[in-house]
Amino acid sequence: VVGTPGRLNDLIRKKILDLSGVHTVVLDEADEMLSMGFIDEIETILSETPSQRQTTLFSATVPQRIRKLAEKYMNDPQSIFVQQSEMTVTTIEQRYCVVNENDKLAVLTRFFEMEEISSALIFAKTRVSTGELANELTLRGFPAEALNGDLNQDARERVLNRFRNNQITVLVATDVAARGLDIDDISHVINFDLPHDPDSYVHRVGRTGRAGKDGIALTLVTPKEKYSIRRIEK
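Reference entry: report on the structure contained in this document. Since the structure is predicted, the reported quantities are computational estimates derived from the model, not experimental observations.

## Looking at the overall build of the protein chain
Then, number 1: When you go through the protein chain residue by residue, the secondary structure sums to 10 helices and 8 strands.
Then, number 2: Over its C-alpha atoms the protein chain spans a radius of gyration of 19 Å, differing by no more than 12% from the 17 Å that the globule rule assigns to 234 residues.
Then, number 3: Its C-alpha atoms give the protein chain principal-axis dimensions of about 55 × 40 × 35 Å.
Then, number 4: By the burial criterion, 44% of the 234 residues in the protein chain qualify as buried.
Then, number 5: Nonlocal contacts in the protein chain, meaning residues at least 24 apart in sequence, comprise 72% of its contacts between residues at least 6 apart.
Then, number 6: Of the roughly 13,900 Å² that the protein chain leaves accessible, carbon and sulfur atoms contribute 49%.
Then, number 7: Across the protein chain, the mean location of the 29 positive side-chain charges is 3 Å away from that of the 35 negative side-chain charges.

Here's what the structure looks like:
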């Protein structure tokens, strides 16, 4: 069975899904799944599975706090790391632009006018800001929709299908909503708001430049965030 924590719990509550025969549990994007936002749902799901199951965690980044949590749910866990000299692939051209907070929308609009953008994924900080930014871009002639936690599964799928079918060019999302997106042809990833940490940056920009294709990642940085972009570069 493959599903999101919320959907699986919904099926368990309705007595539609029985996990008593499960022998392997996989947590993809484990760092996000074990963050405080999902931890209760994950615990509920694990409680429905046999104690003798195999549990595996997959993630591009596994911070120390996640390793500690993992030990709580796993017996004598083994760690396998794929070593890379670079955290991001060479097919992604990474840029940043220092801009005042109030000028971000104007700069983003200018970027859209100058660049040849087939499809863009824009990251914003909050659910509210994704909707506001999508509306502003649409008003400026760039069809955009928001992808955030306020959407139910059906609405989410409809938005994603419109994006995949090129009915909309731009998707504005939060970090959590964008996890697990399976879309190969995103030409641009734009960080309208700077991510909280380098790991989140890696996850975000990795949405473009897939399968050997070229991609561009643009990050808008306010003057007071210069320290943060240096940390990401390092």
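The structure having been displayed, the exposition proceeds.
## Quick notes on the pattern of salt bridges
Side-chain pairs of opposite charge can arise whenever the charged atoms involved come near each other.
Then, number 1: Counting across every chain of the model gives 15 salt bridges.
Then, number 2: Residues Arg95 and Glu115 are paired through a salt bridge, measuring 3.1 Å at the closest nitrogen-oxygen approach. You can see Arg95 sitting in strand β3 (residues 92-98) and its partner Glu115 sitting in the loop between α5 (104-114) and β4 (120-123), a full 20 residues away along the chain.
Then, number 3: Between Asp185 and Lys213 there is a salt bridge, with its nearest N and O atoms 2.3 Å apart. With Asp185 in the loop between α8 (175-178) and β7 (188-191) and Lys213 in the loop between α9 (198-205) and β8 (215-221), this pair connects stretches of sequence that are 28 residues apart.
Then, number 4: Classification of Lys213 by relative accessible area gives partly exposed; the value is 41%.

## A look at the nonpolar core
Then, number 1: Leu108, Phe112, Ile122, Leu133, Leu137 and Val172 are the most contacted members of the largest nonpolar core, which has 21 residues in total.
Then, number 2: Contributions of two or more residues to this core are made by α5, β4, α6 (127-139), β5 (144-147), β6 (170-173) and β8.
Then, number 3: Examining the composition of this core, we find that 4 residues originate from one element, α5, more than from any other.
Then, number 4: With near-sequence residues (within four places) excluded, Leu108 lies in contact with Ile122, Leu133, Leu137, Ile190 and Phe192.
Then, number 5: Judged by nonpolar contacts, the second largest core, of 15 residues, contains Leu147, Phe163, Ile168 and Ala178.

## Concerning the side chain of Thr49
Then, number 1: Inspection of the secondary structure puts Thr49 in the loop between α3 (39-47) and β2 (54-58).
Then, number 2: Separated by 2.7 Å, the side chain of Thr49 and the backbone oxygen of Leu46 make a polar contact.

## Here's the deal with the sheet that holds β8
The pairing of strands in a sheet happens through backbone hydrogen bonds and is either parallel or antiparallel.
Then, number 1: Judged by pairing direction, the sheet is parallel, and its 6 strands sit side by side in the order β3-β8-β7-β4-β6-β5 without closing on themselves. Only two strands of the sheet have a single neighbouring strand rather than two, namely β3 and β5. Strand-to-strand twist of the sheet, defined as the mean angle between neighbouring strand axes without regard to direction, takes the value 20°.
Then, number 2: Of the strand pairs in this sheet, β7 and β8 are connected by 4 bridges, and their pairing is parallel. Pairing of Ile190 across the sheet is with Leu218, part of β8.
Then, number 3: α9 contacts β3, β4, β7 and β8 of the sheet and is inclined by roughly 150° relative to β7.

Calculation rules
- Residues numbered from 1 in each chain as written.
- Predicted model: local features only at pLDDT ≥ 70, side-chain atom pairs only at ≥ 80, totals over all residues.
- Heavy atoms only, no water.
- Helix = DSSP H or I, 4+ residues; strand = E, 2+ residues; numbered from the N terminus.
- Rg over C-alpha atoms; globule rule 2.2 N^0.38 Å.
- Buried < 20%, exposed > 50% of the residue type's maximum accessible area, 1.4 Å probe, protein only.
- Contact = heavy atoms within 4.5 Å.
- Areas by Shrake-Rupley, 256 points an atom, 1.4 Å probe, with all protein chains shown as cover.
- Lys, Arg positive; Asp, Glu negative; His and termini not counted.
- Charge placed at Lys NZ, Arg CZ, Asp CG, Glu CD.
- Salt bridge = Lys/Arg side-chain N within 4 Å of Asp/Glu carboxyl O.
- Core = buried A, V, L, I, M, F, W, Y, C linked by side-chain atoms within 4.5 Å.
- Polar contact = N/O pair within 3.5 Å; in protein donor to acceptor, adjacent residues only side chain to side chain.
- Pairing = 2+ DSSP bridges.
- Axes fitted to C-alpha atoms, helices over the stretch in contact; angles between N-to-C directions.

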